[in-house]
Amino acid sequence: MSIPAAIAALQDKGIEVDINPSSVKAKSRDFFWYSPVLKDRLDHVIADFVATPKSEAEVIEILRVCHAEDVPVTTRGTGTGNYGQAMPLAGGCVLHLNKMNAVKDIQAGRVICEPGVLLKDLDAACNETGQEIRMYSSTWATATIGGFIAGGSGGIGSVRWGSLRDPGNIIRLRVVTMEADPRTLEITGHDLHRVSHAYGTNGIITEIEIPLAPAYDWIGIFLAFEDFEEALRYSHALASCDGILIKLATIFEAPIAKDYFQRVAPHVDQGDAVVALMVAPHAMPGWETFTSDYPGARVIYVQGQSDWPRDPGPVFEYGWNHTTLRALKVDPSITYLQIAYGNEDPIPLIMKVKERLSPEVLQHVEVTRSNGKVAMGGLTLVKFTSEERLDEIVAIHEEMGAMNFNPHRYTLEEGGRQSVDERQLEFKREADPKGLLNPGKMITWDDPDWSYDRMYAWPGLQPKSAAE
Ligand SMILES: Cc1cc2nc3c(=O)[nH]c(=O)nc-3n(C[C@H](O)[C@H](O)[C@H](O)COP(=O)(O)OP(=O)(O)OC[C@H]3O[C@@H](n4cnc5c(N)ncnc54)[C@H](O)[C@@H]3O)c2cc1C
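Reading the values: the criteria
- The residue numbering used here restarts from 1 in each chain and proceeds along that chain's sequence as written.
- Local features in a predicted model are, by the rule used here, given only for residues with pLDDT of at least 70; side-chain atom pairs are given and counted only at 80 or more, and totals for whole chains, interfaces and linings are based on all residues.
- Side-chain metrics in this entry use all non-hydrogen atoms of the structure; hydrogen atoms and water are not considered.
- Any carboxyl oxygen of Asp or Glu that lies within 4 Å of a side-chain nitrogen of Lys or Arg is treated as forming a salt bridge with it.
- Helix and strand assignments follow DSSP, with helices taken as H or I runs no shorter than four residues and strands as E runs no shorter than two, numbered in order from the N terminus.
- Only protein chains enter the accessibility calculation, which uses a 1.4 Å probe; a residue is then buried when its area is under 20% of its type maximum, exposed when over 50%, and partly exposed in between.
- The angle between two axes is taken between their N-to-C directions and runs from 0 to 180 degrees, where each axis is a line fitted to C-alpha atoms and a helix contributes only its stretch in contact.
- A crossing counts as left-handed when the near helix is turned anticlockwise from the far one by less than a right angle, and as right-handed when that turn is clockwise.
- Here, two residues are considered to be in contact whenever any of their heavy atoms come within 4.5 Å of each other.
- Nearness of a residue to a molecule or strand requires only that one of the residue's heavy atoms be within 4 Å of it.
- Each polar contact in these results corresponds to two N or O atoms within 3.5 Å; when the atoms are within protein, one needs to be able to donate a hydrogen and the other to accept it, and residues that are neighboring in sequence are counted only if both atoms are side-chain atoms.
- The accessible surface values rely on the Shrake-Rupley method and a 1.4 Å probe; as for residues, cover is taken only from the protein chains in view.
- Each residue gets one label: Ala, Val, Leu, Ile, Met, Phe, Trp, Tyr, Cys and Pro are nonpolar, Asp, Glu, Lys and Arg are charged, and the others, such as Gly, are polar.
- A pair of Phe, Tyr and Trp rings is counted when the ring centres sit within 6.5 Å of each other, with Trp represented by its six-membered ring. The angle between the planes then sorts it: under 30 degrees is stacked, over 60 is edge-to-face, the rest tilted.
- Charges are assigned to positions over rings by a cutoff of 6 Å between ring centre and Lys NZ or Arg CZ, combined with an angular limit of 35 degrees from the ring normal.

A few words now on the pattern of salt bridges. Counting across every chain of the model gives 37 salt bridges. With its nearest N and O atoms 2.7 Å apart, the salt bridge here joins R172 to E207. Pair noted here: R172 is in strand β8 (residues 172-176) and E207 is in strand β10 (residues 204-214), with a separation of 35 residues, a long-range link. Looking at R172, the relative accessible area reads 13%, which means it is buried. Between R194 and D191 there is a salt bridge, and its shortest N-O distance comes to 3.9 Å. Using a relative accessible area of 38% as the deciding quantity, one classes D191 as partly exposed. Beyond isolated ion pairs, a larger network of salt bridges with shared partners links E56, K104, R110, R172, R174, E186, E207 and E209.

Structural data, given as structure tokens:
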């Protein structure tokens, strides 16, 4: 690998290259530190330089040069991924896409854009036509659409539209390959699984086409329940109620709201479970009727109606991984797990896990949709004591039948289903034959026989001594 030759060649082509050690370090980091395990493994990781293309043509030139010089390339949206997805494990080039942020075309039901546009800016552009994006991560204000598609899973809107991987939620991706002469490919249909949620390991997404939904001024709501199970049943039934349009339903076990949500805390008791909702304005009368059948539901906040001395801000910034962020700010020993409770009667399983592990493990449940049925997933808060205990907690979930997408691992497989995704692997062989894109993130590329009996440690990871 020749870093100086790559930098010189890129500068010759007029491409923006940053070699300033402090800004390169800042752009080499994502939210990996959410996990004490990843913090221990990845804190020292740093790229050699950052290249910032302004167009697809510049992406192609950067990949051409890095391919010729054998320089690894790790793509970055805004680095809010919390599985260490955007950490350049082998150094090399960080390809920063924040300047490829054009919204190119908006039609009825669809938008075409570049990958570096922030979710909030994309939504604002779509709002001008009376439309909005179907779903977004709770990092809507800071994350890019490219990073969401390559590194995320779902979020606000998933209660209505399912997850990003569900057919129909991405229409088309345009991808540049990492070869001597990079190609651009238009990816649609089943092939979308090759590159979506692949962490940029097998191609760089340079154009995105996604479907849109009608836009609403969603109303944020908080309810308190003395009984956690009733809060779960209320939320599941609400999401199942076809006539009431909601964009978010999140349930927090006590005392999450009291201990970690500073602006909500004055309005709840220590034993209260809390539900956060986003309801469409025209659905409010239906929601009021629905809620009146739950005597245990106390409506404590309705956006635009409640007069709290301290405005809580957007309700979605309490859900998804913002719950973990809020808890971490109060108690730095908190970490989390990502659990699938499924769509076949998930509430008994959640209650079983709660009974076994609370309060060391507190339930934060997101209501989603999968295969036409209401589903539930946990972004469960965990009081971290040791790696051994964390692994034990993961094993207990699995024993009980609750599948875990381990957020304390930096590889695609360990953060996913603990097995190879043949479509992604096959596409990597075709699109990145030298294995230069985001190296270390796909176990099966490096070690096809890996047994998943312990945490994978990529042999090519920058040694800690190199950073000193
Ligand atoms: C507080 C908090 C809340 C969060 N909430 C959610 C949530 O609700 N739902 C959710 O899914 N995630 C969530 N996340 C994770 C993350 O914020 C989202 O997935 C986000 O959309 C990622 O966007 P980004 O621009 O920060 O991507 P980055 O972190 O920069 O990149 C993510 C991955 O995608 C790759 N990548 C980026 N752009 C491209 C491209 N154009 N082509 C190929 N590969 C690319 C990167 O290499 C990396 O592997 C949360 C994280 C935090 C810290």
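Here the narrative resumes.
The next point concerns the packing of helix α13 (residues 346-357) against helix α14 (residues 387-399). Between α13 and α14, whose axes approach to 11 Å, the crossing angle comes to 145 degrees. The handedness of the crossing between α13 and α14 comes out as right-handed. Judged by residue contacts, V353, R356 and L357 of α13 engage R389, I393, I396, H397 and E399 from α14.

Taken together, the neighbourhood of the ligand is formed by 37 residues, with T75, G77, T80, T144 and G154 sitting nearest. Here Y199 contributes a backbone N or O atom positioned 3.2 Å from an oxygen atom of the ligand. Separating a nitrogen atom of the ligand from a backbone N or O atom of I205 is a distance of 2.9 Å. When isolated, the ligand has an accessible area of 970 Å², and the protein chains bury 98% of it. Counting only elements with at least two residues in the shell around the ligand, the list comes to β3 (73-76), α6 (145-151), β10 and α12 (321-330). Among the elements that take part in the shell around the ligand, α6 stands out by supplying 5 residues, more than any other. When the residues that make up the shell around the ligand are grouped by side-chain class, the tally is 13 nonpolar, 23 polar and 1 charged.

This part covers the side chain of T201. Mapping T201 onto the fold places it in the loop between α8 (192-195) and β10. In terms of polar contacts, T201 uses its side chain to reach the backbone carbonyl oxygen of A198, at 2.7 Å. Apart from residues no more than four positions distant in its own chain, T201 is found in contact with L412, K428, D432, L437, N438, K441 and M442.

Following the criterion strictly, the structure yields 19 aromatic pairs and no others. Here F222 and Y301 contribute two aromatic rings whose centre-to-centre distance is 5.9 Å and whose plane-to-plane angle is 45 degrees, an arrangement assigned as tilted. Of this pair, F222 sits in strand β11 (residues 219-225) while Y301 sits in strand β14 (residues 298-302), and the two are 79 residues apart along the sequence. The class of Y301 is buried, set by a relative accessible area of 4%. Aromatic ring contacts, followed pair by pair, group F222, F252, F261, Y301, W308 and Y318 into a single cluster. Just above the ring of W161 sits the side chain of R160; from NZ or CZ to the centre is 4.2 Å. Against the face of Y318 rests R326, its NZ or CZ located 3.7 Å from the ring centre.

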